[in-house]
Amino acid sequence: MLRFIARRLLETIPVLFIIVTATFFMIRFVPGGPFTAEKAVTPEVMRNLERAYNLDQPLWRQYAGYLGKVVFHGDLGPSFKYPNRTVNEIIADKLPVSLELGAISLALALAVGLPLGVLAAIKRNTWLDYLCSSVAMIGICVPTFVLGPLLVLTFAIHYGWFNASGWYGPIDRVLPSLTLGCVYAAYVARLTRGGMLEVLNQDYIRTARAKGASEVRVIFRHALRGGLLPVVSFLGPAIAGILTGSFVIETIFQIPGLGREFVNSAFNRDYTLVLGTVILYAALLIGLNLVVDIVQVWLNPKLKFE
Amino acid sequence: MRTRLTLLLAVATLLGSGCAKKEAALTANSGSNPAPRKVLHFGNGTEPQDIDPAIVTGTPEYRLLQTFSEGLVSEDPDMQIIPGAAERWEISPDGLTYTFHLRADGKWSNGDRVTAQDFVATYERMLNPVLACQYAYMLYNHVVGAKAFYDGKTTDFSTVGLKARDARTLVVTLTQPAPFLLHAMNHYAWYPVHIATVKKFGGLTQRSTAWTRPGNYVGNGPYVLKKWIPNQIIVAERSPTYWDRARVKIDEIDLYPIELADTEERMFRTGQLDVTNEVPLTKLAVYRREHPESVHVDPYNGLYFYRFNVQRKPFDDVRVRRALALAIDRESLVKNVTLADETPAYNFVPQNLLGYRSEHTFKADLTEARRLLAAAGYPDGRGFPRADLLYNTLEKHKTIAEALQQMWVKNLGINITLVNEEWKVYIDDQHSRNFQFQRAGWIADYIDPHVFFDLWETGGGNNDSNWGNAEYDRLLHTALGAPNNPARYAIYQKMEQILIAEMPVLPLFNYTRARLISPRVKGFYSTPLDNYPWKYADLAP
């Protein structure tokens, strides 16, 4: 297993290198730059600005300089848009917020989605299945920018239980987590149902039942393990997405997370921040996919570390 | 296997609960926990870049700098110049030398005295080319020797017309008269910074430093920076050292960076905000009907217009430009589309700006528009070439463009193609003049009609229309030397006549700013620059 992990980690290096290189050059070839503004910057000022950020140097040298700083110093550079903060600081400030929001939402998604999925699978083609599946379908179909404001209108404005937005006290975690959690809960429920249905038709489940195992034991001891496999595959990229923040939720609820930086940095042509968030997302995605693979082998005896 | 499953669930649970960092609750919900202090909750638009006047360029930053800093002069509610850090000043008869006398009780928030040397050192920093201040031109366009210093032709700052005669006397010498200079000086480009603090945190020419962070920042304005959590809140606390502190009534201003008007409106309804930055246009009518006391619409010193590229067909023909301008029902546009009491624009300068009113306007005239179009070779729009109207991707611009598209089809028989682009791509195309005609807007940096005439100087950095007129340029420079404002305004009237005849841009309406303000906020007003002199505002208990 250690060899498997070491090999996968080594494979990560060229993948990250390609991602960084592609992003570096792609963002540079997009029209407009960090200082493109409606009020034209005079040519003299533009020259000085470019000099201040080394943008006057040949692109290959900028690239080599950037790569050197990232690899040898872990320095993602200063933000173009927010000059008094570095990209490292921005990520360090905002990642924990997105992490907290994501973790609560994910816990909620699993707590709701798994039982719903299992229930729907056990009661296949009954009204309970239809109810669970319909709820899940609604969860997938209703966009967060509709659900979020609806929750705010009901629980913040009508009942006055929460702030309409912000990220100040523990109570402010409720509505955004609920909004984000609902979407993921819906996916988890659908995947769990599908996974469980497939497993419940397997021979070993029939064997377990024939040997007189109780239904509860069959479901939780034998079936759930296999039924969870699609959910685990989904959770890898989902966790990476959830941890790097949700642009929509963060904008609606005014949450100082990383999701907004992800999108806005591209609009602002904040080259260093774009690269910083892309590197982070790529690393998370690769890391979590590795974790998913390990967990899958762990859960599924048919798989081996190869 | 049970162990593995339990472990998996435990990890999931840990993820859920373990990271719940408990932050101290801020005083966001004023309704539930009334504080004895007067705290104003204010929606400030986007997250500010910084609060270093040599670095920033936007309106949310302008408001913050007015909160934490003060220039030599200030503006009263009627936009008349009043003393700021300077208690009085003299202007030489030739309009070239300004002598400012700083007040004796002017202090920084750390207790240091505000001196003329502070201003000179601030301007030296701002003009240092290594710092690359984007608003450096606000100084070097006017001050003797400043351009040469900025261009690196000299490193001797004593050649620049910014001198401290003593600790309380600052002398500014100009290259040519600038009758609007005092108004321009209320722009943050002229605000002082506490040089010792800037030096302490990274140096004078470093753009990325920590001097503007809470705990480090030193300012000379009515409020001091107490807290700044990016994308969440900026807390401004009443300064104990500000010279006019007796007038400042609100103890604390909490400024929230909120990008969505809908989010702001919901926060206003729950009492989280006392003043919003915007109002969702779709809800404006409802508020007017049900809570008229909360709706405030103020004029905003800006013009919304379409810019023609006069070197591209068909807009190289002035008759086509004029035909399009005359064939629009602007009243209908502001009443049915833009919705926030904007004033239809039939000239090029927001009206009644420091007493300036355009004598020359045009009016909607369909007969004349059709005649012009026919004379240009397109009777009833026949044979009119493809014309792309470029706008940046935003619902409001799209709606306006569609309304105008329909008016031109109906009134002139011409079909305009709408093209939208992402903001920076659109700006890039504008500056490289890669467009036929495009949506544009201009918000003045300071209050004076000059700002709007300066735009259309031949080859001007923000002209972008390829239009130029030698007589217009001559008048623009003559106006600066006019002995007084009535004489200067008389020249502007002639310039406006040229603009109406040539129509390099198509004025549509003058902006307004609509916002929701809680009735408990007293004495609050917005200037046409969309900033707020906080010291006049108060909160009812």
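1. As for the overall build of chain A
Counting its regular elements, chain A contains 13 helices and zero strands. Starting at the N terminus and walking to the C terminus, you meet the elements of chain A as α-α-α-α-α-α-α-α-α-α-α-α-α. Seen through its principal axes, chain A has C-alpha atoms that stretch 85 × 55 × 30 Å. Burial status across chain A gives 42% buried among its 306 residues. Look at the contacts in chain A between residues 6 or more apart in sequence, and 71% of them connect residues 24 or more apart.

2. Side note on the overall build of chain B
If you tally the helices and strands in chain B, you get 17 helices and 18 strands. Over its C-alpha trace chain B gives a radius of gyration of 26 Å, about what one expects of a compact globule, namely 24 Å for 541 residues. Across its three principal axes, chain B shows a C-alpha extent of roughly 80 × 75 × 50 Å. Restricting to contacts in chain B with at least 6 residues of sequence separation, those with at least 24 account for 66%.

3. A few points about the interface of chain B and chain A
Listed by partner, the interface residues are 57 residues for chain B and 53 residues for chain A. Going through the elements one at a time, α1 (2–18), α8 (261–269) and α14 (423–431) of chain B are the ones with two or more residues in the side of chain B that touches chain A. With seven residues, α1 of chain B is the single largest residue contributor to the side of chain B that touches chain A.

4. Quick word on unusual backbone geometry
All names here are of chain B. A cis amide bond links Lys-313 to the next residue, Pro-314, at an omega of 0°. Here Pro-314 lies in the loop between β11 (295–308) and α10 (318–326). For Asn-231, which is not glycine, the phi torsion reads 65° and is therefore positive. Along the polypeptide, Asn-231 turns up in the loop between β8 (223–229) and β9 (233–238). Owing to 23 C-beta atoms within 10 Å, Asn-231 belongs among the buried residues under this scheme. For Met-503, which is not a glycine, the phi torsion comes out positive at approximately 45°. Locating Met-503 in the fold gives a position in the loop between α17 (485–502) and β16 (505–516).

5. Observations regarding the sheet that holds β9 of chain B
Residue and element names in this part refer to chain B. Taken together, the four strands give an open sheet; going across it, the order is β1-β10-β9-β8, and neighbouring strands pair in mixed fashion. In this open sheet, the two strands that pair with only one neighbour each are β1 (39–43) and β8. The sheet shows a mean angle of 20° between the axes of neighbouring strands, taken without regard to direction. Looking at chain direction, β9 and strand β10 (residues 252–256) are connected through four bridges and run antiparallel.

6. With respect to the environment of Ala-196 of chain B
As for its position among the elements, Ala-196 of chain B is in helix α7 (residues 195–200). Spatially, the C-alpha atoms of Ala-196 of chain B and Gly-271 of chain B are 40 Å apart, while their sequence positions differ by 75 residues.

7. Describing the sheet that holds strand β14 (residues 416–421) of chain B
Residues and elements named next belong to chain B. As summarised here, the arrangement of the six strands in space is β12-β16-β11-β15-β13-β14, forming an open sheet in which the pairing is mixed. Every other strand in the sheet has two partners, leaving β12 (343–344) and β14 as the edge strands with one partner each. Examined bridge by bridge, strand β13 (residues 387–392) and strand β15 (residues 437–443) share two bridges and lie parallel to one another. Paired with Leu-389 across the bridge in β15 is Phe-437. Set on the sheet, α14 makes contact with β13, β14 and β15; between it and β13 the angle comes to about 130°.

8. A few points about the packing of helix α8 (residues 203–210) of chain A against helix α9 (residues 215–227) of chain A
Residues and elements named next belong to chain A. Following both chains from N to C, one finds α8 and α9 inclined at 145°, their axes separated by 10 Å at the closest point. Between α8 and α9 lies a crossing of right-handed hand. Touching Tyr-204, Ile-205, Ala-208 and Arg-209 of α8 are Val-218, His-222 and Ala-223, all from α9.

9. Quick look at the pairing of strand β5 (residues 97–102) of chain B
Residues and elements named next belong to chain B. A one-sided burial pattern is seen for β5, the buried positions being Tyr-98, Phe-100 and Leu-102 and the unburied ones Thr-97, Thr-99 and His-101. As paired elements, strand β4 (residues 86–91) and β5 share five bridges and run antiparallel to each other. Directly across from Ala-86, in β5, lies its bridge partner Leu-102. The hairpin formed by β4 and β5 contains five residues between the paired strands, and Gly-95 there has a positive phi angle of roughly 75°. Note that β5 and strand β7 (residues 169–173) share five bridges and pair antiparallel. By the bridge assignment, Thr-97 is partnered in β7 with Thr-173.

10. Brief notes about helix α2 (residues 59–68) of chain B
Residues and elements named next belong to chain B. The buried fraction of α2 is high, at eight of ten residues. Burial in α2 covers these residues: Pro-60, Glu-61, Arg-63, Leu-64, Leu-65, Gln-66, Thr-67 and Phe-68. Residues of α2 that are buried sit in contact with β8, β9 and β10.

11. A word on the confidence of the model for chain B
All names here are of chain B. In this model, chain B carries an average pLDDT of 90, and 94% of its residues clear a pLDDT of 70 or more. Note on residues 1–31: pLDDT is under 50 here. Beyond four places in sequence and across chains, it has 43 contacts. If you check the scores for this complex, the pTM reads 0.86 and the ipTM reads 0.85.

12. Observations regarding the pairing of β9 of chain B
Residues and elements named next belong to chain B. By the bridge criterion, six bridges tie β8 to β9 in an arrangement that is antiparallel. What sits directly across from Tyr-223, in β9, is Arg-238. The antiparallel hairpin formed by β8 and β9 contains three residues in its connecting segment, where Asn-231 sits at a positive phi of about 65°.

13. Considering the environment of Leu-10 of chain A
Residue and element names in this part refer to chain A. Mapped onto the elements of the fold, Leu-10 is located in helix α1 (residues 2–29). Looking at Leu-10, the number of C-beta atoms within 10 Å reads 9, which means it is exposed. Put simply, Leu-10 and Gly-139 are 129 residues apart on the chain and 39 Å apart in space, counted from C-alpha to C-alpha.

14. Describing the environment of Tyr-536 of chain B
Residue and element names in this part refer to chain B. Along the chain, Tyr-536 falls in the loop between β17 (521–522) and β18 (538–539). Between the alpha carbons of Tyr-536 and Val-248 there is a distance of 6.8 Å; along the sequence they are 288 residues apart. Those residues within four positions of Tyr-536 in sequence are excluded, and the remaining contacts are Pro-77 and Gly-523.

The rules behind these values
Residues numbered from 1 in each chain as written. Chains lettered and ligands numbered in written order. Predicted model: local features only at pLDDT ≥ 70, side-chain atom pairs only at ≥ 80, totals over all residues. Helix = DSSP H or I, 4+ residues; strand = E, 2+ residues; numbered from the N terminus. Buried ≥ 20, exposed ≤ 12 C-beta atoms within 10 Å, placed from the backbone. Contact = placed C-beta atoms within 7 Å. Rg over C-alpha atoms; globule rule 2.2 N^0.38 Å. Pairing = 2+ DSSP bridges. Axes fitted to C-alpha atoms, helices over the stretch in contact; angles between N-to-C directions. Left-handed = near helix turned anticlockwise from the far one by under 90°. pLDDT = per-residue confidence, 0-100.

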